[in-house]
Amino acid sequence: LEDWLESQQGTRAEEVFFFMCFFVNNQYRILVEQSSSGAAELGSTFESRLCRIGQVVAILDTWDKPVYLERIWTIFEQSCAIRSNTPVTMILPAAARLSLLAELQQGVEGILRVQRSLTTVDSMNARAQFPEDERLVKEFIDRHIGFDRVNNQVVSFMISFIGNVVEDHMKAGIARMKAAMS
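Notes on the structure in this doc start here. Nothing here was measured: the structure is a model prediction, and the numbers come from that model. Throughout, residues of each chain are indexed from 1 in the direction in which the sequence is written. Reporting of local features is limited, given that this is a predicted model, to residues whose pLDDT is at least 70; pairs of side-chain atoms are given and counted only at 80 or more, and all residues count toward the totals for whole chains, interfaces and linings. Note that the side-chain values use all heavy atoms of the structure and ignore hydrogens as well as water.

**Section: helix α5 (residues 72-83)**
A run of H or I in DSSP becomes a helix once it reaches four residues, and a run of E becomes a strand once it reaches two; helices and strands are each numbered from the N terminus. Between the first and last residue of a helix there are one fewer steps than residues, each counted as 1.5 Å, and that sum is the expected span. With 12 residues, α5 should reach 16 Å at 1.5 Å per residue; the first-to-last C-alpha distance of 16 Å fits that figure. Among the 12 residues that make up α5, 11 are buried, leaving the element largely enclosed by the rest of the structure. Only protein chains enter the calculation, and the probe is 1.4 Å; a residue is then buried if its accessible area is under 20% of its type maximum, exposed if over 50%, and partly exposed in between. Along α5, the residues that are buried comprise Ile72, Trp73, Thr74, Ile75, Phe76, Glu77, Gln78, Ser79, Cys80, Ala81 and Ile82. Downstream of α5 by one or two residues, Asn85 has phi in the positive range, about 55 degrees.

If you want it as structure tokens, here you go:
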């Protein structure tokens with residue numbers, strides 16, 4: 001998160017707040033107990049909060065088959081962001097970013113492995129701990145946006161992220177070279 005904050009030029013840490021949906025949205029109450037209107041209620045509640053926040057920063061564990069993209073609740077988060085046109089930024093821990101750069105530095109073969117990893121995005125096969133949650137959330141996604149649109153947009157978010165990693169790497173390398181020459 002510190003690296004992401006540093007990349008947000010002109011943004012001060014005191015002005016950034018993180019909303020973690022699992023602390024705020026009682027998914028069990030909404031879906032299983034159906035104390036509200038089920039998945040539809042969760043969708044509108046979550047989307048209104050995303051719009052108010054104005055941005056999603058998705059923290060992935062790795063660039064190759066991240067757990068985030070295997071969980072239906074985080075896929076739901078992505079689908080709501082896409083539906084509400086809320087900007088999404090993918091980020092990785094430093095070690096995973098270095099792993100991505102090392103893969104890209106392998107040349108054509110490394111680039112092909114990264115491209116292949118992007119073809120594995122498959123929101124329809126995302127899972128939840130409870131089968132009923134999974135069924136209800138998948139019904140919501142299928143009815144409101146569709147899995148193909150979610151997959152395509154998540155891949156687009158990942159491509160933007162990979163481009164940013166390469167850009168940051170190039171800028172840092174150029175800065176080091178300039179410093180060494182002076």
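**Some details on the pairing of strand β1 (residues 56-59)**
Strand residues, when the strand is regular, have side chains that alternate between the two faces of the sheet. Burial along β1 is one-sided: Val56 and Ala58 are buried, while Val57 and Ile59, pointing the other way, are not. Handedness of the crossover is the feature at issue here: the chain leaves β1, passes through α5, returns alongside strand β2 (residues 88-91), and the resulting connection is right-handed. If you view a crossover with the strands going away from you and the path from the first strand over the helix to the second runs clockwise, you call it right-handed.

**Some remarks on the packing of helix α6 (residues 94-104) against helix α7 (residues 108-118)**
The packing of two helices is summarised by the inter-axis angle and the distance between the axes. Interaxial angle, 0 to 180 degrees, is taken between N-to-C directions of lines fitted to C-alpha atoms, where a helix line uses only the stretch in contact. Where α6 contacts α7, the two axes come as close as 6 Å, and the packing angle between them is 130 degrees. For the element pair α6 / α7, the angle class is oblique. Residues Leu100, Glu103 and Leu104 of α6 form the contact with α7, whose participating residues are Gly110, Ile111, Arg113 and Val114. Along the lines of polarity and charge, the residues of the contact of α6 with α7 split into four nonpolar, one polar and two charged. Orientation is classified from the angle alone, with under 35 degrees giving roughly parallel, over 145 giving roughly antiparallel, 65 to 115 giving roughly perpendicular, and any other angle giving oblique. Contact definition: two residues touch when any of their heavy atoms are within 4.5 Å. The classification used treats Ala, Val, Leu, Ile, Met, Phe, Trp, Tyr, Cys and Pro as nonpolar, Asp, Glu, Lys and Arg as charged, and all other residues, Gly among them, as polar.

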